[in-house]
Amino acid sequence: MAKAGGKGVNLKDILDGNELDLSLSDLNEVPVKELAALPKATKLDLSCNNLISLPSDFCSLTHLVKLDLSKNQLQQLPSDFGRLVNLQHLDLLNNRLVVLPVSFAQLKNLKWLDLKDNPLDPILAKVAGDCLDEKQCKQAAIRVLQHMKAIQSEQDRERQRRLQAEREMEKKREAEQRAREVQERELRRREKAEEKERRRREYDALRAARQEMETQTKQETSEIPKLSSAARPSQLPQHRRSWSQALMKLLLLVLLCALSTLVVCRVTELRSQSLCISVNALYEDVATALKNHKILQNVLHQNSQQ
C-alpha cells in the first residue's frame, strides 16, 4: 500500500477528493510509484520537505494540475519537466533554483507561477518579477513561458544551424571525396596510357632489332664465297683419313703389345707364371682353331704354292 513519509500513512487515506497533502512529511524523495497509482490526485502539495531533487520519472505524473514544491531545497528541475502538460499552478517558492529547463516552455496550460526566494539567473529573475498577489503570479507565468519559449526557439535555431552546418560540411566532404576519386581515376587512366605507350615503344624497338638482325644474317649468308662451300667437302675426307690412321696405329700398337706378351710368355722364364700360362693356353687354342678352319687352310695352302 502507498505510505507517506515513512510514517505508515496510506496515501489513499489522506487523499481528499482530488487533493493530496504531503507537506511537512520530512520527505527526502518523492514516492512517484505510489503517486502514479492515484491518478485522481491532480493537486499535490509537497511543500516544506527536504527534497533536493526530483526523480526523472516524476515527470510521468502528467495528471497533475496543481503542484506545490515550495520551501524545499531543489537545485534543479528534471530536464523533461515540460511533460507535465496539464500543470496550471506551480509553486516553487524558496528553493535553490538558478535556471529552468528548456522544456519548461512546453507547459502551455500554466496559469500561475511563483519563483520568489530562489537564486535565479538575473535575466530569469527580471522576467519572472514578483508574485505578491494573484495577478502578479499569473503575469509571472505568462512572462516566464514566453521567455522559455524564446530560449527554446533560439536553441532550436542554433540546433538547426548546427545541423545545417554539419550537412554542408558533409556535402563539402562528399564533394572533396568525389573530386579526389575523379582525380585518382584520371591519374590511373594517365598512368595506364603511359604504360601502354612504353610497352608499345619497347615492342616496336624489339621488332626493329629483330628485323635488322634477320636482314644482317641474310646479307652475311649471301656474301659467303662459293669457294668456301666447295672447300668444305674436301675437308671432310681429310678428317676421316686422320681418324682412320689413328685407329690403325692404335690397332697396330695393341697387336704389337699382344705379340710382345706372347713372345715373353713363350720364350722367357716367365712362362711358368699364371698370367703366361693363361696366355699360352689362349694361344694354343687360337692356333688349333685356325688350323682346323678349312677356309683358312686353303688360303694358307694357296699362299704356300705361290
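Residues numbered from 1 in each chain as written. Predicted model: local features only at pLDDT ≥ 70, side-chain atom pairs only at ≥ 80, totals over all residues. Heavy atoms only, no water.

### Observations regarding the state of the cysteines
So, point 1. Summed over the entire model, instances satisfying the criterion amount to one disulfide.
So, point 2. Between the sulfur atoms of Cys131 and its disulfide mate Cys137 the distance is 1.4 Å. On the sign convention where negative means left-handed, the S-S torsion of about 100° between Cys131 and Cys137 marks this disulfide as right-handed. Each member of the pair, Cys131 as well as Cys137, is classed as buried. (Disulfide = S-S within 2.5 Å. Buried < 20%, exposed > 50% of the residue type's maximum accessible area, 1.4 Å probe, protein only.)

### Some thoughts on the sheet that holds strand S7 (residues 89-91)
So, point 1. Spatial strand order, S3-S4-S5-S6-S7-S8: six strands in an open sheet with mixed pairing. Of all strands in the sheet, those bounded by a partner on one side alone are strand S3 (15-16) and strand S8 (112-114).
So, point 2. Bridge analysis of S7 against S8 gives three bridges, and the strand direction is parallel. Opposite Leu90, over in S8, you have Leu113 as the bridge partner. (Pairing = 2+ DSSP bridges. Helix = DSSP H or I, 4+ residues; strand = E, 2+ residues; numbered from the N terminus.)

### A short note on the nonpolar core
So, point 1. Counting 41 residues, the largest nonpolar core has Leu46, Phe58, Leu67, Phe81 and Phe104 as its most contacted members.
So, point 2. Ranked by residues supplied to this core, first place goes to helix H4 (residues 134-222) with four residues.
So, point 3. Excluding residues that lie within four positions of it along the chain, Leu46 makes contacts with Leu22, Leu27, Val30, Leu51, Phe58, Leu67, Asp68, Leu69 and Asn72. (Core = buried A, V, L, I, M, F, W, Y, C linked by side-chain atoms within 4.5 Å. Contact = heavy atoms within 4.5 Å.)

### Brief notes about unusual backbone geometry
So, point 1. A positive phi is found at Lys71, a non-glycine position, where the angle reads about 55°.
So, point 2. Along the chain, Lys71 turns up in the loop between strand S6 (66-68) and S7.
So, point 3. According to the relative accessible area criterion, Lys71 is partly exposed, its value standing at 44%.
So, point 4. Phi at Asp117 takes a positive value of approximately 60°, unusual for a residue other than glycine.
So, point 5. Topologically, Asp117 is positioned in the loop between S8 and helix H3 (122-128).
So, point 6. Asp117 gets classed as exposed once you look at its relative accessible area, which sits at 56%.

### Quick notes on H4
So, point 1. Over its 89 residues, H4 runs 130 Å from end to end, which matches the ideal 132 Å to within 8%, given 1.5 Å per residue.
So, point 2. At its buried positions, H4 is contacted by S8 and H3.
So, point 3. For H4, the N-terminal cap is Asp133; the gap from its side-chain oxygen to the backbone nitrogen of Lys135 is 3.2 Å. (Expected span 1.5 Å × (residues − 1). Polar contact = N/O pair within 3.5 Å; in protein donor to acceptor, adjacent residues only side chain to side chain.)

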